[in-house]
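Chain by chain, the residues:
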Amino acid sequence: QCLTAKKYSCILITNDRKFVNCGIEIVGYDFMKKLDNRRYGGRLKARKLDIWKRSSKICSEIYLYFQDFKDYGFKDQITRSSLSVPSNIAEGVEKYSDKDTIKFLDIARGSIAEVQTQIYIGMKIGYIENSVGQKWIDEYEEISKMINHL
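Fair warning: this is a prediction, and the values are worked out from it, not measured in the lab.

Draft legend 1. Region of interest: the packing of helix α2 (residues 50-65) against helix α3 (residues 72-93). Two elements in contact, α2 and α3, have axes separated by 9 Å at closest approach and are oriented at 160 degrees. With respect to each other, α2 and α3 are oriented roughly antiparallel. For the pair α2 and α3, the sense of crossing is left-handed. Residues I51, W52, S55, S56, C59, I62 and Y63 of α2 form the contact with α3, whose participating residues are I78, T79, S82, L83, V85, P86, I89 and A90.

Draft legend 2. Region of the structure containing the environment of E91. Examined against the element boundaries, E91 turns out to sit in helix α3. Distance in space between the C-alpha atoms of E91 and L44 is 9.3 Å, their sequence separation being 47 residues.

Draft legend 3. Inspection of the confidence of the model for the protein at higher detail. When pLDDT is averaged across the protein, the result is 80; 71% of the residues are at 70 or more. Within the model, the stretch residues 1-15 combines pLDDT values under 50 with 41 contacts to residues more than four positions away or in other chains. Counted against residues more than four places away or in other chains, residues 23-41, with its pLDDT under 50, gives 46 contacts.

Draft legend 4. Spatial organisation of the side chain of S81. One can find S81 in helix α3. Residue S81 is classed as buried on the basis of its relative accessible area of 2%. Among the polar contacts listed, one links the side chain of S81 to the backbone oxygen of I78, at a separation of 3.2 Å. Other than its neighbours up to four places away in sequence, S81 contacts S111, E114, V115 and Q118.

Draft legend 5. Inspection of the pattern of salt bridges at higher detail. Per the counting criterion, the structure on display carries 6 salt bridges. Salt-bridge contacts for E61 lead to K57; the nearest nitrogen and oxygen are separated by 2.8 Å. Here E61 pairs with K57, and both are found in helix α2, just 4 residues apart, close to one helical turn. In this structure, E61 engages K135 in a salt bridge whose closest nitrogen and oxygen atoms are separated by 3.3 Å. Highlighted residues: E61 in helix α2 and K135 in helix α5 (residues 130-148), separated in sequence by 74 residues.

Draft legend 6. Geometry of the packing of helix α4 (residues 98-124) against α5. Taken N-terminus to C-terminus, the directions of α4 and α5 make an angle of 165 degrees; their axes are 10 Å apart at the nearest point. Regarding the angle of α4 to α5, the classification is roughly antiparallel. With respect to the hand of their crossing, α4 and α5 are arranged in left-handed fashion. Residues L105, A108, R109, I112, V115, Q116, I119, Y120 and M123 of α4 touch α5, and the partners they reach there are N130, G133, Q134, W136, I137, Y140, E141, I143, S144, I147 and N148.

Cut-offs applied
Residues numbered from 1 in each chain as written. Predicted model: local features only at pLDDT ≥ 70, side-chain atom pairs only at ≥ 80, totals over all residues. Heavy atoms only, no water. Axes fitted to C-alpha atoms, helices over the stretch in contact; angles between N-to-C directions. Helix = DSSP H or I, 4+ residues; strand = E, 2+ residues; numbered from the N terminus. Parallel < 35°, antiparallel > 145°, perpendicular 65-115°, else oblique. Left-handed = near helix turned anticlockwise from the far one by under 90°. Contact = heavy atoms within 4.5 Å. pLDDT = per-residue confidence, 0-100. Buried < 20%, exposed > 50% of the residue type's maximum accessible area, 1.4 Å probe, protein only. Polar contact = N/O pair within 3.5 Å; in protein donor to acceptor, adjacent residues only side chain to side chain. Salt bridge = Lys/Arg side-chain N within 4 Å of Asp/Glu carboxyl O.

Following this line, the structure appears as structure tokens:
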């Protein structure tokens, strides 16, 4: 890919959040294209990703399944860990740097392990029907594989 040299004005952001043109022009390569493709446009970029859609769907299923559940501690823990998966995927794809993106995708992967453990325990103690729990575990396994391929 051919990179185009462009001039950029140096803008400083002061402590009181004012933008100040420092009067210096720098010549750089058009790195903004990569950033534009990732995060600009004011819309949640994750909404276009199947991995985000699938993890959001299963999170919604878990919330609805435990909607009237009496064991608040278990309900709170499993819903929080399921919510963490699509949330961290979304946050990761919105980050500027690959390092930050990887960090949030790693957190999402850890949350998958956490929610799979809670589903397994929920199945063992009779909180979750085996067929439902196994479906969720399998879906999270597929989502984890998708994270590995991002």
